[in-house]
Amino acid sequence: DAGITQSPRHKVTETGTPVTLRCHQTENHRYMYWYRQDPGHGLRLIHYSYGVKDTDKGEVSDGYSVSRSKTEDFLLTLESATSSQTSVYFCAISETQKLDSYNEQFFGPGTRLTVL
Amino acid sequence: AQKITQTQPGMFVQEKEAVTLDCTYDTSDQSYGLFWYKQPSSGEMIFLIYQGSYDEQNATEGRYSLNFQKARKSANLVISASQLGDSAMYFCAMRGPRGSYIPTFGRGTSLIVHP
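Calculation criteria
- Residues numbered from 1 in each chain as written.
- Chains lettered and ligands numbered in written order.
- Predicted model: local features only at pLDDT ≥ 70, side-chain atom pairs only at ≥ 80, totals over all residues.
- Heavy atoms only, no water.
- Helix = DSSP H or I, 4+ residues; strand = E, 2+ residues; numbered from the N terminus.
- Rg over C-alpha atoms; globule rule 2.2 N^0.38 Å.
- Buried < 20%, exposed > 50% of the residue type's maximum accessible area, 1.4 Å probe, protein only.
- Contact = heavy atoms within 4.5 Å.
- Lys, Arg positive; Asp, Glu negative; His and termini not counted.
- Charge placed at Lys NZ, Arg CZ, Asp CG, Glu CD.
- 1 Å grid on protein atoms, 1.4 Å probe; cavity = no way out; pocket = protein on both sides within 12 Å on 5 of 7 lines; lining within 4 Å.
- Points joined across faces, edges and corners; volume = space filled by probe spheres on them.
- Nonpolar A, V, L, I, M, F, W, Y, C, P; charged D, E, K, R; others polar.
- Disulfide = S-S within 2.5 Å.
- Salt bridge = Lys/Arg side-chain N within 4 Å of Asp/Glu carboxyl O.
- Core = buried A, V, L, I, M, F, W, Y, C linked by side-chain atoms within 4.5 Å.
- Buried area = accessible area lost by both parts, 1.4 Å probe.
- Polar contact = N/O pair within 3.5 Å; in protein donor to acceptor, adjacent residues only side chain to side chain.

A. Structural context of the overall build of chain B. Counting secondary structure elements, chain B contains zero helices and twelve strands. Starting at the N terminus and walking to the C terminus, you meet the elements of chain B as β-β-β-β-β-β-β-β-β-β-β-β. Here chain B has a C-alpha radius of gyration of 14 Å; the compact-globule value for 115 residues is 13 Å, and the two agree. Judged by the C-alpha coordinates and their principal axes, chain B covers about 45 × 30 × 20 Å. A total of 115 residues make up chain B; the buried ones form 50% of that total. Restricting the contact set of chain B to residue pairs at least 6 apart, pairs at least 24 apart contribute 55%. Averaging the positions of the 10 positive and the 10 negative side-chain charges in chain B gives two centres separated by 6 Å.

The following block contains the structure:
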């Protein structure tokens, strides 16, 4: 199994508070991603990173920011949490696209966030 | 732009029977890859199988096989001899186009295996 951990695994917070979720990998993979999963929407990409300090927005990035100061860590911050950000958040990693590699994503265990 | 469509929100199958989960895709790339992931009720996402667009053979991994029909742009997952542990959400995904590392996911199909 790919070494990906997420912390915390569960969090309950109040509207308006900042929240930071952490993704940590031990695989030295270059690409890291944050998704949210909601019923009926599947996985939606929030932000991704293609290297240290290199990040870009996904399709649902409003209200979220990310940082990657080390290869192994990718942080997702909800600047001022809202109830609409109640969701399950998944981190994923993948390696550089290589012709002889599938480049599949490996996922973390997820973080269940509830914003009251 | 790439697109993945899974038209079956829910599927039911009897234990030991085979089941096919549909996935159609759209892309303008000639070279692409298709994935299937499983998400059991415990929540983790598990990579199951991969099919490359230039692969001549349909991919197989144990009881999982991919019915890849390039002309129809379909990549259906076939699970043979269903087991109760196959009950899960299944997601079809496409590797990002060359130069992009962002895969495209379908909305998923919920499979329930009845004893």
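Structure's up, so let's keep going.
B. Fine view of the layout of surface pockets. Reported here for the largest pocket is a volume of approximately 540 Å³. Lining the largest pocket are 30 residues, and of these A:Q37, A:V88, A:R112, B:Q39 and B:G43 lie nearest its centre. Where the lining of the largest pocket is concerned, the elements lending two or more residues are β4 (31-38), β9 (87-94) and β11 (111-115) of chain A together with β10 (88-94) and β12 (109-114) of chain B. In terms of residue count, β11(A) provides more of the lining of the largest pocket than any other element does, four residues in total. Counted by class, the lining of the largest pocket contains ten nonpolar, 16 polar and four charged residues.

C. Local environment of the state of the cysteines. Residues and elements named next belong to chain A. Under the defined criterion, the tally for this structure stands at two disulfides over all chains. Sulfur-sulfur distance for the disulfide between C23 and C91 comes to 1.9 Å. Here the disulfide of C23 and C91 is left-handed, its torsion about the S-S bond being about -70°. Linking C23 in strand β3 (residues 19-25) with C91 in strand β9, this pair joins segments that are 68 residues apart in sequence. For C91, a relative accessible area of 0% translates into the label buried.

D. Spotlight on the pattern of salt bridges. Residue and element names in this part refer to chain A. Taken as a whole, this structure holds six salt bridges over all chains when the rule is applied. The salt bridge involving D73 is made with R22; its shortest N-O contact spans 3.1 Å. With a gap of 51 residues between them, D73 in strand β8 (residues 73-78) and R22 in strand β3 connect regions that are remote in the sequence. Here D38 and R36 are joined by a salt bridge, their closest N and O atoms 2.8 Å apart. Summarising the burial analysis for this pair, D38 and R36 share the class buried. Through salt bridges with shared partners, one network takes in R22, K70 and D73.

E. Focus on the nonpolar core. All names here are of chain B. Membership of the largest hydrophobic core comes to 25 residues, with the highest contact counts inside it found for W36, L77, Y90 and L111. For this core, the secondary structure elements donating two or more residues are β2 (10-14), β3 (19-21), β5 (33-39), β6 (46-52), β8 (64-69), β9 (74-79), β10 and β12. Per element, the largest residue contribution to this core is four residues, and it comes from β10.

F. Representation of the interface of chain B and chain A within the structure. Taken residue by residue, the interface counts 19 residues in chain B and 18 residues in chain A. Across the chain B to chain A interface the summed buried area is about 1700 Å²; carbon plus sulfur atoms make up 62%. Of all residues in chain B, the largest losses of buried area upon contact with chain A belong to B:M45, B:Y101 and B:I102, amounting jointly to 33% of the total for that side. The interface formed by chain B and chain A holds zero salt bridges in total. Linking chain B with chain A are two residue pairs in polar contact (both at pLDDT 80 or more), by the criterion used here. For the side of chain B that touches chain A, the element with the most residues is β5(B), which contributes three residues. Looking at the side of chain B that touches chain A residue by residue, the class counts come to eleven nonpolar, five polar and three charged.

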